[in-house]
Each structure stands twice: as structure tokens, then as C-alpha cells.
Amino acid sequence: MVRFLKNFANNESGATAIEYGLIAAGISVAIATIVGTVGGDVTTIFTSVSTALK
């Protein structure tokens, strides 16, 4: 039982999975922020092009 607890305490694979999850979450937030910022500009451009074509 003691050996099992030592192995469990030394196991870092769960920590690696959590780190990858945090990196993925950070990238998702960055993408959402960029899309939100650029999205308004793109909508404005398409609206002006649409108006000019009419």
C-alpha cells in the first residue's frame, strides 16, 4: 500500500493534462477576442461594399 501511495504521489501525468487544458483554454480566449475585435470591422467593410454595389 505504501508503494502504491508513493507511485501515486510521483505520478505527474495528470498535471501535464491539466497544463495542456489550460493552454488550450488560453488559446481559445485569444481566438475569441481576436474574432470579436475583427468581426465588427469585417461587418462594416461588407456593409459598405454591399451599399456601393446597389
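Residues numbered from 1 in each chain as written. Predicted model: local features only at pLDDT ≥ 70, side-chain atom pairs only at ≥ 80, totals over all residues. Heavy atoms only, no water.

(A) Main features of the overall build of the chain. Along its length, the chain carries two helices and zero strands. Residues counted as buried form 0% of the 54 residues belonging to the chain. A total accessible area of about 4,900 Å² is found for the chain, and carbon and sulfur atoms account for 71% of it. (Helix = DSSP H or I, 4+ residues; strand = E, 2+ residues; numbered from the N terminus. Buried < 20%, exposed > 50% of the residue type's maximum accessible area, 1.4 Å probe, protein only. Areas by Shrake-Rupley, 256 points an atom, 1.4 Å probe, with all protein chains shown as cover.)

(B) The environment of Phe4, seen in detail. Mapping Phe4 onto the fold places it in helix α1 (residues 2–10). Along the primary structure Phe4 and Gly21 are separated by 17 residues, whereas in three dimensions their C-alpha atoms are 27 Å apart.

(C) Main features of a nonpolar patch on the surface. Residues Tyr20, Ile23, Ile27, Ile31 and Val35 make up a contiguous nonpolar surface patch of roughly 540 Å² in combined accessible area. Structurally, Tyr20 can be placed in helix α2 (residues 13–53). (Patch = residues over 30% accessible without salt bridge, like charges linked within 9 Å, V, L, I, M, F, W, Y side chains within 5 Å. Salt bridge = Lys/Arg side-chain N within 4 Å of Asp/Glu carboxyl O.)

(D) Structural view of the environment of Gly26. Position of Gly26 among the secondary structure elements: in helix α2. Here Gly26 falls in the partly exposed class, since its relative accessible area comes to 41%. C-alpha separation for the pair Gly26 and Thr16, spaced ten residues apart in sequence, amounts to 15 Å.

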